[in-house]
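One-letter residues, chain by chain:
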Amino acid sequence: MGWKVKANDRAYHQLPEFQKKVFLCIKKSRYSGNAIKTYKYNALTFIPLNLYEQFKRVANVYFLALLILQIIPDITTLPWYTTLIPLVVVLGITAIKDLVDDLARHRMDKEINNRKTEVLLDGRFESAKWRDVQVGDVVRLKKNDFIPADILMLSSSNPNSLCYVETAELDGFDPLTLNCVGLTGLIECEEPNNRLDKFIGTMLWNRERYPLDLDNMLLRGCKIRNTDVCHGLVIFAGADTKIMKNGGKTRFKRTKIDELMNYMVYTIFALLVLVAAGLAIGHTFWYDQIGAKAWYLFDGKGYSASHRGFLSFWGYIIVLNTMVPISLYVSVEVIRLGQSKFINWDLQMYYADKDTPAKARTTTLNEQLGQIEYIFSDKTGTLTQNIMQFKKCTIAGRSLVRIAGSKSDLFPPVDWSWNRYADKMFQFMDHSLVATVRSGKDKDAMEFFKLLSLCHTVMVDEDMVYQAASPDEGALVTAARNFGYVFLNRTQDTITIQEGDKENSYEMLALLDFNSDRKRMSIILRFPDGRIRLYCKGADTVIYERLSAESKHTKSTQTALDIFANETLRTLCLCYKDISAGEYEAWERRHKEAQVVLADRDAALDRVYEDIEKNLMLIGATAIEDKLQDGVPETIAKLAKADIKIWVLTGDKKETAENIGYSCSLLTDDMQIHYGEDVKVQPQSNRPGKRKPADPFFTQTGKNALIITGGWLNEILYEKKKKRRRLRLRRLGRRLPPSSPQDGQPMNDWEKEQRQVDFVDMACECEAVICCRVTPKQKANVVSLVKKYKKAVTLSIGDGANDVNMIKTADIGVGISGQEGMQAVMSSDYAFAQFRYLERLLLVHGRWSYIRMCKFLRFFFFKNFAFTLVHFWFSFFSGYSSQVNWFITLYNLCYSSLPVLLVGLLDQDVNDKLSLRFPKLYLPGQQGSLFNYKNFFISLFHGIFVSLIIFFIPYGAFLQTMGQDGEAPSDYQSFAVVTASSLIFIVNLQISLDTSYWTFVNCFAVLGSIAIYFGIMFDIHSAGIHVIFPAYFTFTGAASNALRQPYLWLTIVLTVGISLLPVICIQFLSKTIWPSVGDQVQRNRKKYEADLEREEREKAPAFQRGRRSRRSGYAFSHSQGYADLISSGRSIRRKPTGRAGLQQSIREVPHAENI
């Protein structure tokens, strides 16, 4: 054991043996303080760290280098502030956004670190802040206190040193769990780790050692419930706590488009260097042969031709920098901010019940929402409400139940006023069954509900609020309660129930616990009249194997089970067995012997349980519905049509997760289900003949689904075994020997990686994947494997702290808000209250954001190539001089920015309803087909073509031309006015052709941009501005003189027409001959919209459940271990929170693996 903790002795933990080296000779204690830090910056590091992060973006480095060049007088062709101001604005806006986000983290950290608790100091308890708590401190916690660290329970004010804790802040459930130990001493335990389901240690006290496990621990993030006072010893603090270890690192997320733009900036810069170098060489030869001999070009500097060529190179770098203008990044940030606001303002993603709107917690990932290929979802609290409802049952072969809401309801719900213990929220329609039970004449019905009230691990508090190890059990005990069989209380040895008007106590002789192999639980009771009876409930597959040959109604019950299964209800079979006193005494001896076996105790107990659970008599079966969140099946079906694959990663057991898979339409009848333990995955090197990458793992045709467990995942990926082996050999001081293919271990890292590749390939062939019993770390590992080997865009969605690591690992993290646990939301990129809103987030907002951003970038590159390359052509006629005017600054600022910005903000090919109706519209985003290198080079060649037209048509028109007044209009400024006017008309009309969704704002922007251009052009050529700035504006009247010539207007029209005509023809042909899905939907938009309106009017008021021909999973979702808690006298309680009604107060107690 490497971690030692001594109670209430702070000096002990500062001893040299517990010091670790931090930097050079600086050391500090290996025991972390309890202050947590989730923020990224402080007052000293904010500016340097933020600038460092921002200058990781290649474009920012490029603009900084450009600014440095513009400061040099001999090189600059533009004022330095034309680059400095936009660069400072971009850096400033991004820095402010990062600062706001980090201040929120600071506030949250400060609030948590300043929480108060009571610490034992100098023999008495004193109030202290969480950040001042240290390892080894003894703390006192009171009811409703949050637990400040991972602490070992020492004592409690409750009997048997009980402590009840709520883990909602930890795992997104709303359950209770319990822990108990009543000792103090020196603790030796495992070092800090992220295993929420495991803790091993020993306590040295009074010279004796006592074993410690997870049941003895209270984890940070939980809350004390229904316990007045408890005391604990801090074992792990701050960053060493299990919840912080599971948090994962905060990753800087970037979109695929961002990464692509970085590579495109490299490409453009290389192109820019080549062009500038070519022009600089041209200038060198031109000056050597012509410029040096022209007396009127003499500037008195005496530079050589090569020196002038060198300066010209840098001058052209500045002139041609508009290939990647800084305004591009300003516009991208504005568009992303606008898209985030649209998500926040979407009323169709607002959850009125909890007053929770959708929230985009980041502004940098919106377009990535339109490219999702894999969704990784938690189950409990994300897909389900974790609320079970008792729906139907069969008793002695008779299906007697009709539930509220069915079309055959002819009678009002049952009136429960006769039962003072009844849950008024429990609606039931079958009056005959109630009457039968109340009459006491049907012994089968009485035995049925008596079993439900006795065979369980539910606890009850003084207010008659049930605390259930699983919501299934809570629903069953509540049903029995309403029918007059009321579970009142239990002790270590007895269970008391109300049977009609009588109160009876039953002696509990044994509780045979549930586990995933047994798939059943039993209880052996001594009745008040001395009879001994075993009650058992479990999955039909195991119960039917153990039925007596004399058992009746097996066929009729089987038929009822099939009917229940078709409705995806969770089923349990109920049975009993009378036991003689002699038989029980003999079995009890074997049971006690198995309880003290040291080796393989669980297997020994299972064998003993098997001996008594034979020759059972069938009573009937129950059917329970696991309440899904509204719209989950429809959302999953719609996302599947968009070729988005959904994986469910849950801590629940396999049967529960599989049943939910069918309920929510993730699994369907036409899928072939494969279980991990049945699938043999071998590395390619071990297979006879290498498998080609294209060869599928599943050779049969049809859809496949894969269901695996966390244990299988560890085994198949060699995570656990190899780590244990390495640690064992490290302790022995030996090196890890090379393994052979025969021992099942990977030969090397390559083989391990190949095994991971094979697993990912196999899983990704399936339409759906369910991973059960996985830890938070495994959830993140699964996500990272798919990201690594499939290069796919991933999204994780969850509602609790157990999902935080997965949310941080995925490209997009979504938190379900509105629950008690908010850690998932705080770590997420997007948050909303219901899973069904994911459909709108991806298929509407994500798709629109991706289309808008791609269209914006394609056009932005085009318009800047068209503008910049005109300078290139002009250089051949201007002695390769790199001089420009104000137009280069105003072009991206005023003349062409607003129309393309509005397209990036508002454009949509089809409306939101059609986006949801046709999920295939989502495919281009997944394929990245709207913006890639192909589109980039198309924009480049389009820009080159337009720049040639813009320059050479006016150049030919001006060549040897005479104006109406007899003067040649071929002066430099007139030529500039014509080319500039042609460019402005072309880019604004081109964006008009690309606009799919016209609004008044778009129209105003296009016309306004053209008007602004002419207004500014006439101003800078006016006499008034020449008087004010005579050195800068010298060409008075040039614009008005040029535009008086009809010949030049004809030149502008000809230039614009030739530039746009090929684009119009190509668009017409592509939409007519090779229409995309989007083009087809647009063409029939009005028809589809009319169909939608008609469907909404004719929509059926109620959802009709579809039939399925499969066996439903049995209704048991709690885990092994609760029988031990009950038999040891430990219990769980909790008072109801929220609205009244028993159903709302039943909560599930998760096994540690569920957390």
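Residues numbered from 1 in each chain as written. Predicted model: local features only at pLDDT ≥ 70, side-chain atom pairs only at ≥ 80, totals over all residues. Heavy atoms only, no water.

**Focus on the overall build of the protein chain**
Secondary structure summary: the protein chain contains 38 helices and 35 strands in total. When burial is assessed residue by residue, the protein chain has 55% of its 1155 residues classed as buried. Intrachain contacts of the protein chain at a sequence separation of at least 6 include 75% that bridge at least 24 residues. Carbon together with sulfur atoms contributes 57% to the accessible area of the protein chain, which is approximately 51000 Å² in total. (Helix = DSSP H or I, 4+ residues; strand = E, 2+ residues; numbered from the N terminus. Buried < 20%, exposed > 50% of the residue type's maximum accessible area, 1.4 Å probe, protein only. Contact = heavy atoms within 4.5 Å. Areas by Shrake-Rupley, 256 points an atom, 1.4 Å probe, with all protein chains shown as cover.)

**Remarks on helix 34 (residues 1046-1073)**
Its 28 residues place the ends of helix 34 40 Å apart at the C-alpha level, agreeing with the 40 Å of an ideal helix rising 1.5 Å per residue. A maximum bend of about 30° is found in helix 34 at L1060, where proline P1062 lies one to four positions downstream. All of the buried residues in helix 34 are L1048, T1051, I1052, T1055, V1056, S1059, L1060 and V1063. In this fold, the buried residues of helix 34 make contact with helix 29 (933-958), helix 30 (972-994) and helix 33 (1038-1042). (Expected span 1.5 Å × (residues − 1). Bend = angle between axes of the 7 residues up to and from the residue.)

**Focus on the packing of aromatic side chains**
One pass over the structure, following the stated rule, counts 44 aromatic pairs. Ring centres 4.9 Å apart and planes at 85° place the aromatic pair Y506 and F527 in the edge-to-face group. Here Y506 is found in strand 24 (residues 502-512), whereas its partner F527 is found in the loop between strand 25 (520-526) and strand 26 (532-538), with 21 residues between them in sequence. Neither Y506 nor F527 differs from the other in exposure class; each is buried. What links up through ring pairs into an aromatic cluster is the set F872, W873, F874, F876, F951, F952, Y955, F958 and F975. One cation-aromatic arrangement involves R115 over W130; the distance from NZ or CZ to the ring centre is 5.0 Å. Cation over ring: K863 sits above F860, and NZ or CZ is 4.3 Å from the ring centre. (Phe/Tyr/Trp six-rings, centres within 6.5 Å; stacked < 30°, edge-to-face > 60°. Lys NZ or Arg CZ within 6 Å of the ring centre and 35° of its normal.)

**A look at the sheet that holds strand 1 (residues 3-6)**
Strand order in the open sheet formed by four strands is 1-10-11-12, and the pairing between neighbours is antiparallel. The strands lining the two open edges of the sheet, one partner per strand, are strand 1 and strand 12 (208-212). Each adjacent strand pair in this sheet contributes to an overall mean axis angle of 20°, direction not counted. Relative to strand 10 (residues 186-189), strand 1 runs antiparallel, the two sharing four bridges. Residue pairing in the sheet places K6 in a bridge with L186 of strand 10. (Pairing = 2+ DSSP bridges. Axes fitted to C-alpha atoms, helices over the stretch in contact; angles between N-to-C directions.)

**Some thoughts on the pattern of salt bridges**
Any two side chains of opposite charge can pair if their charged atoms end up close together. Scanning the entire structure with this criterion turns up 38 salt bridges. Notably, a salt bridge pairs R124 with E126, separated by 3.3 Å at the nearest N-O pair. Here E126 falls in the partly exposed class, since its relative accessible area comes to 27%. Between R520 and E613 there is a salt bridge; the shortest N-O distance is 2.8 Å. You can see R520 sitting in strand 25 and its partner E613 sitting in the loop between helix 15 (601-612) and strand 28 (617-628), a full 93 residues away along the chain. Of the two residues, R520 and E613, both sit in the buried class. What emerges from the salt-bridge pattern is a single network uniting R520, E545, R546, E610 and E613. (Salt bridge = Lys/Arg side-chain N within 4 Å of Asp/Glu carboxyl O.)

**So, helix 10 (residues 443-454)**
Helical periodicity: at 3.6 residues per turn, an α-helix aligns residues three or four positions apart in one direction. Taking 1.5 Å as the rise per residue, helix 10 with 12 residues should run 16 Å; its terminal C-alpha atoms sit 16 Å apart, in good agreement. Summarising burial for helix 10: nine of the 12 residues are buried, a large majority. Looking only at helix 10, the buried set comprises A445, E447, F448, F449, K450, L451, L452, S453 and L454. Here helix 10 starts with a cap whose side-chain oxygen sits 3.1 Å from the backbone nitrogen of D444, and that cap is D442. (Polar contact = N/O pair within 3.5 Å; in protein donor to acceptor, adjacent residues only side chain to side chain.)

**Digging into the UniProt feature "binding site: Mg(2+)" (unreviewed entry) in the protein chain**
Annotation from UniProt places "binding site: Mg(2+)" (unreviewed entry) at D378, T380, D799 and D803. The annotated residues occupy 426 residues of the chain but converge on a single region, no pair of C-alpha atoms lying more than 11.0 Å apart. Structurally, D378 can be placed in the loop between strand 17 (374-377) and strand 18 (384-395). The buried category is assigned to D378, whose relative accessible area is 3%. (UniProt positions renumbered as here; feature names shortened; annotations may be inferred.)

**Some thoughts on the packing of helix 2 (residues 58-71) against helix 3 (residues 81-113)**
Direction vectors running N to C along helix 2 and helix 3 enclose 150°, while the axes themselves pass 9 Å from each other. The angle between helix 2 and helix 3 falls in the class roughly antiparallel. The hand of the helix 2/helix 3 crossing is left-handed. Within the contact between the two elements, helix 2 uses N60, F63, L64, L66, L67 and Q70 and helix 3 uses T82, T83, L84, L87, V90 and L91. (Parallel < 35°, antiparallel > 145°, perpendicular 65-115°, else oblique. Left-handed = near helix turned anticlockwise from the far one by under 90°.)

**Remarks on the sheet that holds strand 13 (residues 217-218)**
Within the open sheet, the six strands sit side by side as 5-4-6-15-7-13. Their pairing is antiparallel. Looking at the sheet topology across the chains shown, the edges are occupied by strand 5 (124-129) and strand 13. Where strand 6 (residues 138-142) meets strand 15 (residues 229-236), five bridges bridge the pair, whose relative direction is antiparallel. Paired with V138 across the strands is L233, a residue of strand 15.

**Focus: the side chain of T496**
The residue T496 is located in strand 23 (residues 494-499) in this model. For T496, a relative accessible area of 5% puts it in the buried group.

**A closer look at unusual backbone geometry**
Even without being glycine, S665 reaches a positive phi, approximately 70°. Even without a glycine there, the phi angle at K791 is positive, about 50°. Summarising the element assignment, K791 is placed in the loop between helix 21 (776-790) and strand 33 (794-798). We classify K791 as exposed; its relative accessible area is 61%.

**Here we look at the pairing of strand 23**
The buried count for strand 23 comes to five of six residues, which makes it a mostly enclosed element. Here five bridges tie strand 22 (residues 485-490) to strand 23, and the two strands are oriented antiparallel to one another. Each residue of the ladder has a partner; that of V486, found in strand 23, is Q498. Linking strand 22 back to strand 23 in an antiparallel pair, the connection comprises three residues. In this sheet, strand 24 lies alongside strand 23 in antiparallel orientation, the contact comprising six bridges. By the bridge assignment, T496 is partnered in strand 24 with S505. Linking strand 23 back to strand 24 in an antiparallel pair, the connection comprises two residues, with G500 at a positive phi of about 65°.

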